[in-house]
Amino acid sequence: MLKLGILGLGEGRSTMSAALQSTKIELVKVCDQKLELCLQRSKEFDFYSYTTQYQDLLDDPTIDAIAIYTPDKFHAEHTKQALLHGKHVVCTKPFIDDLSKAKELIELSDQTGKNVFVGQSSRFFEPMKKQRADYEAGLIGELITIESYYHADHRWFLDKGWSLENAFKWLYGGLSHPVDFIRWYLPNIEEVMGYGMLSSNGKNGGLKNADTMHFIFRATDGRIARVSGAYTGPVQPVTRDSEMSCILRGTEGCSQGDYMDLRYAITDKTGEERILTWEHKLKHYFRFEGKSHHAGEYQNYLEYFADCLESGQTAYPDVKEGIGTVALLQAMDQSLQTGKPVKVADLLREHGL
Ligand SMILES: NC(=O)c1ccc[n+]([C@@H]2O[C@H](COP(=O)([O-])OP(=O)(O)OC[C@H]3O[C@@H](n4cnc5c(N)ncnc54)[C@H](O)[C@@H]3O)[C@@H](O)[C@H]2O)c1
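In the annotation of an unreviewed UniProt entry, the entry for the protein reads Oxidoreductase, and the organism field reads Siphonobacter curvatus.

## Looking at the sheet that holds strand 14 (residues 273–277)
Pairing is mixed across the open sheet formed by nine strands, whose spatial order is 14-13-12-11-7-10-9-8-15. Two strands close off the open sheet at either side, each with one partner strand: strand 14 and strand 15 (342–343). In terms of strand pairing, strand 8 (residues 189–197) meets strand 15 through two bridges, oriented antiparallel. The residue of strand 15 that forms the bridge with V192 is V342. Docked against the sheet, helix 8 (residues 176–185) engages strand 7 (143–151), strand 8, strand 9 (212–219), strand 10 (224–230) and strand 11 (244–250), running at close to 165 degrees with respect to strand 7. Those strands touched by helix 12 (residues 319–338) are strand 8, strand 9 and strand 15, and its axis lies near 50 degrees from that of strand 8.

## Let's talk about the domain arrangement of the protein
For the protein, the assigned domains are domain 1 (2–121) and domain 2 (123–278 + 323–346). When each unit is reduced to the centre of its C-alpha atoms, the spacing between domain 1 and domain 2 is 26 Å. Three residues, L99, Q120 and S121, lead the burial of domain 1 against domain 2; their summed loss comes to 39% of the area buried on that side. For the pair domain 1 and domain 2, the number of links is one salt bridge. The shortest N-O distance in the salt bridge between K73 and E165 comes to 2.7 Å. Applying the counting rule to domain 1 against domain 2 returns six residue pairs in polar contact (both at pLDDT 80 or more). Among the residues making up the side of domain 1 that touches domain 2, the classes are represented as eight nonpolar, two polar and five charged.

Rules and cut-offs
Residues numbered from 1 in each chain as written. Predicted model: local features only at pLDDT ≥ 70, side-chain atom pairs only at ≥ 80, totals over all residues. Heavy atoms only, no water. Pairing = 2+ DSSP bridges. Helix = DSSP H or I, 4+ residues; strand = E, 2+ residues; numbered from the N terminus. Contact = heavy atoms within 4.5 Å. Axes fitted to C-alpha atoms, helices over the stretch in contact; angles between N-to-C directions. Domains from an automatic or database assignment. Buried area = accessible area lost by both parts, 1.4 Å probe. Salt bridge = Lys/Arg side-chain N within 4 Å of Asp/Glu carboxyl O. Polar contact = N/O pair within 3.5 Å; in protein donor to acceptor, adjacent residues only side chain to side chain. Nonpolar A, V, L, I, M, F, W, Y, C, P; charged D, E, K, R; others polar.

Spelled out as structure tokens, the structure:
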């Protein structure tokens, strides 16, 4: 049993549900600096071991791992503290928001021998797991190109104070999902370019950075990919499109995973076309009102992490893969600012990575 502490009880609510329903996890204590939120979550889950002080999680010798769900800009510091206190770390995406913090975290993870696993939740949703398994089984042949997007009506997110700060970027908060898909299949992206803009809805809502973006990527072997995101306007009906999707075009087949819609389509190498859905798993993935939190993928990734720790294997994305994705996001950010293509290796070198 992995003995877990959770920091940050907004999205950490999903993790509480995931941990409490899993036979592989023992939830020891949860923490949020807002006492009312601790009380609210305690009541909701009938789980009363909470604290408003992160230090209490860090000092608790019965906790093996800390799962971090604080705002993006705190992830590096909270991860560092956990490692320094001998804890394994699960950190939600985006892992960190600035490469200048990366080297220290890699070194700390090496020195302490503690694992850092990045909770790239979307990999752990049913359609994406199936898409990966079919790809690895060779059902679409060799990968030619990949397209991925995340478009969502996140105007509700503007109610969170930190979403309106200069530090908050949908580039990191949103595109970290489709960019992780790109890197899952094409780890060696060498160059990126893109355009972004702040929509009139975003501007009126008080956002400071681009909420609408399109990017193209080139890998070292010449293969190309694209990613896009739009976050402050309505989206298509889900029967017609998905908020988050990943399309793999291969030499012998093609597949598409539709994230929250639990829908997957493939034309495989025999020419057969199949569309799969997982209605029977809706209750595993969505446990709260609507599709606001999706605890099932969190349970899938926590259990994967617990299994990896037990068998001594690395859980991916690990600290290096997570930082590779942050490097790509930072290169994308630089391309938005300069209007020019950016080489990822230049950024890594700049930060001694
Ligand atoms: N699919 C996913 O993986 C997914 C989905 C949503 C959010 N997230 C990530 O989760 C993180 C949090 O997002 P959110 O929507 O829950 O934000 P939120 O603002 O609702 O929650 C963050 C919580 O952290 C608490 N907090 C901040 N600093 C603290 C500290 N030092 N000690 C104790 N508590 C502290 C705040 O009080 C707050 O309740 C973000 O990084 C976001 O990107 C991931």
